[in-house]
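# Summary of structural features
Listed here are the chains, written in short residue letters.
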Number of protein chains: 2
Amino acid sequence: MISKLSTLFVRTLRDDPADAEVPSHRWLVRAGYIRRAAPGIYSWLPLGLKVLQKVERIVREEMDAIGAQEVSFPALLPREPYEETGRWNEYGDLLFRLKDRRQADLLLGPTHEEMFTLLVKDLYSSYKDLPISLYQIQTKYRDEARPRAGLLRGREFIMKDSYSFDIDEAGLEQSYQLHRQAYQRIFERLGLDYVIVSAMAGAMGGSRSEEFLAVADNGEDTFVRSAGGYAANVEAVRFAAPEALPIADAPAMAEVATPNAGTIAGVVEILNRDVPLADRAWTGADTLKNVLFKVTEPDGRVRALAVGLPGDREVDVKRLTAALEPAEAEPFTADDFAAYSDLVGGYISPVSLDGTRVLGKESTTRIEYLTDPRVAEGTYWATGANRPDTHLTGVTVGRDFTPDGVIDVAEVREGDPAPDGSGPLTLARGIEMGHIFQLGRKYAEALGLKVLDRNGKLVTVTMGSYGVGVSRAVAAVAEATCDDKGLSWPLALAPYQVQLLATGKDASVFEEAERIAGELSQQGLDVLYDDRKASPGVKFADSEIMGMPLIVVVGRGLADGKVELRIRSTGEKREIAVADAVAEVLAAAGR
Amino acid sequence: MISKLSTLFVRTLRDDPADAEVPSHRWLVRAGYIRRAAPGIYSWLPLGLKVLQKVERIVREEMDAIGAQEVSFPALLPREPYEETGRWNEYGDLLFRLKDRRQADLLLGPTHEEMFTLLVKDLYSSYKDLPISLYQIQTKYRDEARPRAGLLRGREFIMKDSYSFDIDEAGLEQSYQLHRQAYQRIFERLGLDYVIVSAMAGAMGGSRSEEFLAVADNGEDTFVRSAGGYAANVEAVRFAAPEALPIADAPAMAEVATPNAGTIAGVVEILNRDVPLADRAWTGADTLKNVLFKVTEPDGRVRALAVGLPGDREVDVKRLTAALEPAEAEPFTADDFAAYSDLVGGYISPVSLDGTRVLGKESTTRIEYLTDPRVAEGTYWATGANRPDTHLTGVTVGRDFTPDGVIDVAEVREGDPAPDGSGPLTLARGIEMGHIFQLGRKYAEALGLKVLDRNGKLVTVTMGSYGVGVSRAVAAVAEATCDDKGLSWPLALAPYQVQLLATGKDASVFEEAERIAGELSQQGLDVLYDDRKASPGVKFADSEIMGMPLIVVVGRGLADGKVELRIRSTGEKREIAVADAVAEVLAAAGR
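Parameters at a glance
- Residues numbered from 1 in each chain as written.
- Chains lettered and ligands numbered in written order.
- Predicted model: local features only at pLDDT ≥ 70, side-chain atom pairs only at ≥ 80, totals over all residues.
- Heavy atoms only, no water.
- Helix = DSSP H or I, 4+ residues; strand = E, 2+ residues; numbered from the N terminus.
- Contact = heavy atoms within 4.5 Å.
- Areas by Shrake-Rupley, 256 points an atom, 1.4 Å probe, with all protein chains shown as cover.
- Lys, Arg positive; Asp, Glu negative; His and termini not counted.
- Charge placed at Lys NZ, Arg CZ, Asp CG, Glu CD.
- Buried < 20%, exposed > 50% of the residue type's maximum accessible area, 1.4 Å probe, protein only.
- Phe/Tyr/Trp six-rings, centres within 6.5 Å; stacked < 30°, edge-to-face > 60°.
- Salt bridge = Lys/Arg side-chain N within 4 Å of Asp/Glu carboxyl O.
- Least-squares fit on C-alpha atoms with pLDDT ≥ 70 in both.
- Domains from an automatic or database assignment.

Let us look at the overall build of chain A. The number of helices and strands found in chain A is 15 helices and 30 strands. Projected onto its principal axes, the C-alpha positions of chain A cover 95 × 70 × 50 Å. Partitioning the contacts of chain A with sequence separation of at least 6, the portion at a separation of at least 24 is 68%. A total of about 24000 Å² of accessible surface is found on chain A, and carbon and sulfur atoms cover 49% of it. The averaged location of the 89 negative side-chain charges in chain A is 5 Å from the averaged location of its 68 positive side-chain charges.

Another aspect to go through is the environment of Pro276 of chain B. Residues and elements named next belong to chain B. Position of Pro276 among the secondary structure elements: in the loop between helix H7 (264-274) and strand S15 (287-296). Given a relative accessible area of 53%, Pro276 falls into the exposed group. Those residues in contact with Pro276 that lie beyond four places of it in its chain are Leu271 and Trp282.

Before going further, it helps to examine the packing of aromatic side chains. Aromatic ring pairs are defined here through the distance separating the ring centres and the angle between the ring planes. Counted under the stated rule, the structure contains 24 aromatic pairs over all chains. Here Tyr176 of chain A and Tyr466 of chain A contribute two aromatic rings whose centre-to-centre distance is 6.3 Å and whose plane-to-plane angle is 50°, an arrangement assigned as tilted. A residue pair is termed long-range when its members are at least 10 positions apart, and Tyr176 of chain A in helix H6 (residues 169-189) and Tyr466 of chain A in strand S25 (residues 462-469) qualify at 290 residues. Tyr466 of chain A carries the same exposure label as Tyr176 of chain A, and that label is buried. Geometrically, the ring pair formed by Phe332 of chain B and Phe337 of chain B is edge-to-face, given 5.2 Å between the ring centres and 80° between the ring planes. Relative accessible area serves as the criterion here: at 12%, Phe332 of chain B is assigned to the buried category.

Now for the pattern of salt bridges. Once their charged atoms are close, side chains differing in charge can pair, the charge on each being opposite to the other. Tallying each qualifying case throughout the model produces 102 salt bridges over all chains. Here Arg189 of chain A makes a salt bridge to Glu62 of chain A, at a shortest N to O gap of 2.9 Å. Highlighted residues: Arg189 of chain A in helix H6 and Glu62 of chain A in helix H2 (residues 46-65), separated in sequence by 127 residues. For Arg189 of chain A, a relative accessible area of 35% corresponds to the partly exposed category. Among the residues examined, Glu62 of chain A registers a relative accessible area of 9% and is labelled buried. Note that Glu21 of chain B is salt-bridged to Arg148 of chain B, the shortest N-O span being 3.4 Å.

Once chain A has been moved 0.1 Å along the axis and rotated by 180°, it coincides with chain B to within an RMSD of 0.2 Å. In symmetry terms, the pair is related by a two-fold rotation axis. Closest to the rotation axis within chain A is the C-alpha of Leu98 of chain A, separated from it by 2.6 Å. Interface overlap between copies: 100% of the residues of chain A at the interface are likewise at the interface in chain B, consistent with a symmetric, same-surface contact.

Under the domain assignment, chain A is made up of domain 1 (17-237 + 426-479), domain 2 (247-406) and domain 3 (498-588). For domain 2 of chain A versus domain 3 of chain A, the distance between C-alpha centres works out to 68 Å.

All names here are of chain A. Note on placement: Ala241 falls in the loop between strand S13 (231-233) and strand S14 (254-257). Judged by its relative accessible area of 52%, Ala241 is exposed. Taking C-alpha positions, Ala241 is 19 Å from Asp400, a pair spaced 159 residues apart along the chain.

Structure below.
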């Protein structure tokens, strides 16, 4: 196929779009692949759509290859099924809700677990019908608070979502593994450098989930990995609690005056000065910091939560958000502290937060107290005394206080030991490209999807759900391959494998270019032929921005029987004889 | 490609869905092609999706063939552009509107004139850039008051919409003709019996439009045609006014007492009894009936409208709706009459409605009075006297009253003369499959799409807009081809060209069936292989419901070296030798 640039609906832009935060966004807009229609909502121009369709084809082929069957659901959905699973509320502001002319509640589907569950319930009734995996490539909607980075986090986007239905856990595991393998092939074919990491199930629910992250400095997700093979999204890292220490070995609790200590560093300084340890110096890691949050449930209920963690670490907001989802947490304000008159800000004590102690009259709501896994039984800490200018030492877990439970939301640091003992962790960033979930029976139970088993007994089906960000993949590949001159597509995804430039004024240049374009097209390559009456400089610059993998220049060299072949990704240029041009380009295109 | 029915995600239903009004809807649901998700909103199951994708491919190929370029716009759109063209309001309840988390107004696109206009404005600036035609195959939303007939009138549906941009009228005419020809090829390839009729532009605006209607008894649209080639949607039929008669020839106005006349037939009876004509009998066509409507504009303003038309005809509600769009009309209620105390219901007189006369005190709003084209100057009528039990004869247009204008909304009847004199009209029904519009400059003006012309002067671009109902086409073809046993697809659209039934218990039957399926698939046919452990009766019935064009039965005859080939559309059956089976099926499939 040949397209002429003189008539192709595309214009490159000289300037970056004002809202461009990452290179892929900048170049996809500047090269004329996409245009913003509204915040987080994009139109696909011809070049962009061609890439998108190639991604779709790869995804479709790999889903078909594992026997998943393609269907297509509406985006506009009724409220009721989402009400039954609780997600109508749990999604909060992320869900686009609307009413039709009869005032019936509708939503724009953010993901389709409910609808697929109901469809399988509608059609199937026996274990003999299972397993089944269904997928769709479809437009999804999420009202992101901060749509960003072009296609990387949009409010309308294209996903491949699939759902597996099995009679038992072994079946689910198999369906899950099939999807996992299909996703590996998809991301390999897309040419992405990716990692598979343990992940949080989040609003989706379910027992096990993994994410496929494209490694990218501009990615929104942080993940950790160890040389020994551990890999997890930072939200999903779960440190094992150290073994309990004998409480009898713990020192007695003692008060230390800490006037004007200010920060934890200040407290540590006073401790080292006034109550030095025999064998080592006090550090922030010996202190227990207690941070208060106001937690809002999807139904609007508000509660207080105190998080206790070693004083040398902060609460990681993303880890906290993920741990509490779908509830949302905000740090305590002065007003919140005022509602708990017993609490002395800056000197919060776990002893005062212990569930056995009821707080002051104004605070009828008990504060839940959760601690970092390191705050294990028998460990002892320097911490606040809930009195101004006073701390306590030797405050021992299981003796002086007992937390309500564990919450693993402290920041993860480069060098922290991997939870599985496989060595120190390194941190990196990535773009979430795929997410696979073992949902289990949450949706099937809520919506009554049962089938008869081998013994004629009704059993609830177990499900998996699996997503690939299809439009996001276009941006992720652009992000991974672009350089400071523009886009640079791999052969498998480029809108055209070849951009053919006629740079010259002689008719012979255009005739020869047209001939080469025709032959390449006959050989099955897609050619973008720059036939414009524009300067060579404009044509070179546009070809670099647009990013076709192979660039053929028919110009001045033609008089000597030469054309130039450029490889966009490496910048390599070489002169080739006109007679060999087609063969050389085909070879470079892997044909 | 081979799919096995034992694992294909499909179930045929024994019973009609409760809401099925037309055969295509009934069979598409019963055969497991689609399922309702909400009123007017459908999910596509594997079989249905395959048909849809084949329709999409045909549409895409024909649009590419006329040089239109594919793009893809979002469905979720900002309010502002639709505000600027007035359609945010004009669409009324038909538009799905919603707010995002920042309370910004959004809509689900019913059609995309505004967005395409803005995109071309964004990219193009010169006459040299034109002409351009852009298209998308995309999901559209309209909140229909009465979604019906499955895919035929849905609230979420798939359309191919395209838009042409030209510098002048000649260019627009050419772009329009190119689309017209592409649509002819599309509907021919879909195998539809269709007509091209003159149509109303409706909410779209613009000067000229034509519809492509699939002829179908269950179609929502009524169209007329003459043997001489006239064809129009009934809403678009425009009768020419007869030539004016000399007013001097009109008889004098006279009163006739018409006590208890009741209906127009009653009035006619009294006229024939009391004031008989010399040369012929009075008929309803000699009377002038005046019907009152309350008209609500999109902005909420309400006004009154009287329609005068020959007494033997009714106002055609669809023609009236189309004529007034985007305003909406309702017949006057008793309360409405009460607001105009001068009006005597049942005896409304054009003389009292004449704009020169102001009605009673309570009615400060003047009533607009529009008449049928037949109510031409110099014609005279028997009509109400605006007094109980009294009519007038000889009421003459231009002498006794002057209407405010013409409105052509009387019912069109079989046998009425075609407006262009090409013979009597016949009426038929159809399904609107395509609609092409010469929009002109309405959208370009509203949104400021101008380019520099050859002389360096800014000129407003002229546009066309063109739509094909892609999901509707699936239903229209089903409607045209199904019979009382089920669906019956043409080869070009069938999910599989062949349904291969193994009917028997011998392993040899299944082995032979599998071998034939394999060979047909290798030859490029798509085969649905019924490998289920089910009775021949079930398999035959399912194959008839599902509607693949060729059915091959491997069963009892195999012992004699025979299989059976059935042609679904004709019911033809013939035995063929096993050895010839593949060749015969290929021939029947046109390979």
